[in-house]
Amino acid sequence: MNKVEERAEEEEEEQSFEELGVDPRLIRALTKKSILKPTPIQRVAIPLILEGKDVVARAKTGSGKTFAYLLPLLQKLFTTQSPSNMNLAPTALILVPTRELCQQVCSEANSLIELCRVQLRLVQLTSSMSVSELRTTLAGPPEIVVSTPACIQTCLKNGIIQAKAVQDSLSILILDEADLLLSYGYEDDLKALTSHVPRRCQCLLMSATSSSDVEKLKKLILHNPYILTLPEVGDTKDDIIPKNVQQFYISCAARDKLVHILALLKLELVQKKVLIFTNSIDMSFRLKLFFEQFGIKSAVLNAELPQSSRLHILEEFNAGLFDYLIATDESQSDGKEQVDDQNGSERKKSKKHRKHKLDAEFGVVRGIDFKNVYTVINFEMPQTAAGYVHRIGRTGRAYNTGASVSLVSAEETEIFEEIKSLLGENDDKVSQFIAPFPLLSKNAVESLRYRAEDVARSVTKIAVRESRAQDLRNEILNSEKLKAHFQDNPKDLDLLKHDKMLSKKAPAPHLRDVPDYLVDPTTQEASKIVKLARAAMGNTNASRGKGSKGRFKKSRDPLKTFSAEAPKRAGKGGMKRKAKDADNGHKYKKKHSS
Ligand SMILES: Nc1ncnc2c1ncn2[C@@H]1O[C@H](COP(=O)(O)OP(=O)(O)OP(=O)(O)O)[C@@H](O)[C@H]1O
């Protein structure tokens, strides 16, 4: 790159919201939210959307796609709004795949509208609304509607929104998380809607990955010939996961995963907050019960819980009320779990499970903006490589840094290889993107093995089943209380706790703390460094929730400067370039220069 090009690039990088043409009211609102400069996707998308172009925006998870469309959308509505609004249908429609996302987009947009003090009405439609509730919500009509495609279809079918009114009024249609809309089974709903979308309507497609589904939607929805794939989003494989996220793995037997995760958490080798993924709800409760016996408080999040509880759990976790959240992201896998159960001896009891309804519109990982999650742990590997990308995308959001640790058993080698090849790993055994986790030594694992195995034996299938049922009962009760309470106190987060003990057995005092004699000096050192790094990054309890950003320098990053297995070499920058992993002999080549 020559000097002129470099300068042009620098100038572009420094472009402010003002230079992008964003309305001063919106800029003031953003400043109040401590959002001061646009992210790359916002820099490219905002002017194009303001100009009225159709845009297909593909950008990494956490890159700020929501504001990339919300800011120009609101700005357009600020200026086109007329007091004698004759519209019979909304002017803008934002379609998302899950209810959680509906809620998230609504609260982001409403807070901007409030801060700008403009008269715009934005509503959210949910599948739990009755026809009369839908009718009331849409009376007016509001300028912006956020919904899943299925709810809009219900409105069209029941005449709550007239097709003719859509043709007359709809000016902007946004498909957020477009790569997921079809996989959530909304194809027919979308097809039915698009036949009513007028040709003059501006259409935007936002997505984290490119897929044949996005191509299909592009063909289905976009009328305007200006289809823009944003230039800064290259097709290279290292673009898939944000560079500010360091990815690690630990190879271990499936039966040893509990002791490994215990060591990571109890010896404080990973930074908080931590989002842990399991593939089945039963496994999430097994983990929760296991943690409880060691005094580690956690909450579970899954498709079985009532909607209001799920939203509340997310709010509490985002507000920093607890540090560990165990999420199950594949509702289908639970179906599989039940089928497996039926073949076993637990046939009768498993039928009870089938009564728990799983919410098809639920999506833990799909675009949910978890605040300040530093570490994502894959306790079980996801079933698809795309699932991995979405899970890891819950950390390192916007300008934050983050890390992921995947526990990989021999049975999960195939999907792990698939993930590595998606990330762009080659076969030369040098991990470029996903490296062995350097801070956990075999000694550290062995020191906890006896206790972990003892406690794991006490977490029986029956205990798991009972606590799952109990948690569901609690949350149904919670959701009733929540409904009533939040009508009066929408911001009150402290009413209900989701990280309560489920186990009937109180944890033994000797398991709460790991005695010093069990922790070898190398591990103590590793844990100290993680704490120091956390403090250096401002990622402490006191600063949590204030949007602490990744201000710390790479050189202070313990994961890049320390090896639990090779402490002497670490002093000379052992982990900086390469360190041998004791378990598998892979070399770690530093790739992510965030
Ligand atoms: N310009 C900005 N500066 C700092 N933070 C920002 C900026 N824009 C957005 N954010 C914050 O970054 C986080 C991620 O944004 P957002 O949810 O829009 O990402 P996304 O690209 O939609 O991710 P995903 O694909 O996972 O849905 C949010 O907490 C948001 O408030």
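Residues numbered from 1 in each chain as written. Predicted model: local features only at pLDDT ≥ 70, side-chain atom pairs only at ≥ 80, totals over all residues. Heavy atoms only, no water.

(A) Spotlight on the pattern of salt bridges. All told, the structure shown has 16 salt bridges when counted by the stated rule. Note that arginine 468 is salt-bridged to aspartate 282, the shortest N-O span being 2.8 Å. Linking arginine 468 in helix H20 (residues 461-488) with aspartate 282 in helix H13 (residues 281-292), this pair joins segments that are 186 residues apart in sequence. Judged by its relative accessible area of 1%, arginine 468 is buried. When its relative accessible area of 14% is taken as the criterion, aspartate 282 is described as buried. Among the ionic pairs, glutamate 446 bridges to arginine 449, the shortest N-O distance being 2.8 Å. (Salt bridge = Lys/Arg side-chain N within 4 Å of Asp/Glu carboxyl O. Helix = DSSP H or I, 4+ residues; strand = E, 2+ residues; numbered from the N terminus. Buried < 20%, exposed > 50% of the residue type's maximum accessible area, 1.4 Å probe, protein only.)

(B) Expanded view of the packing of helix H12 (residues 257-266) against helix H19 (residues 442-458). Relative to each other, H12 and H19 sit at 120 degrees, their axes nearing to 9 Å. Between H12 and H19, the interaxial angle falls into the category oblique. Two packed elements cross with a definite hand, and for H12 against H19 that hand is right-handed. Contact residues: Leu258, Val259, His260, Leu262 and Ala263 in H12; Val445, Leu448, Arg449, Ala452 and Ala456 in H19. For the contact of H12 with H19, the class distribution of residues is 8 nonpolar, 1 polar and 1 charged. (Axes fitted to C-alpha atoms, helices over the stretch in contact; angles between N-to-C directions. Parallel < 35°, antiparallel > 145°, perpendicular 65-115°, else oblique. Left-handed = near helix turned anticlockwise from the far one by under 90°. Contact = heavy atoms within 4.5 Å. Nonpolar A, V, L, I, M, F, W, Y, C, P; charged D, E, K, R; others polar.)

(C) Representation of empty space enclosed by the protein in the model. Counting across every chain of the model gives 6 cavities of 30 Å³ or more. The wall of the second largest cavity is formed by Ala89, Pro90, Leu93, Ile152, Leu156, Ile161, Val166, Leu170 and Leu193. Residue classes in the lining of the second largest cavity are distributed as 9 nonpolar, no polar and no charged. (1 Å grid on protein atoms, 1.4 Å probe; cavity = no way out; pocket = protein on both sides within 12 Å on 5 of 7 lines; lining within 4 Å. Points joined across faces, edges and corners; volume = space filled by probe spheres on them.)

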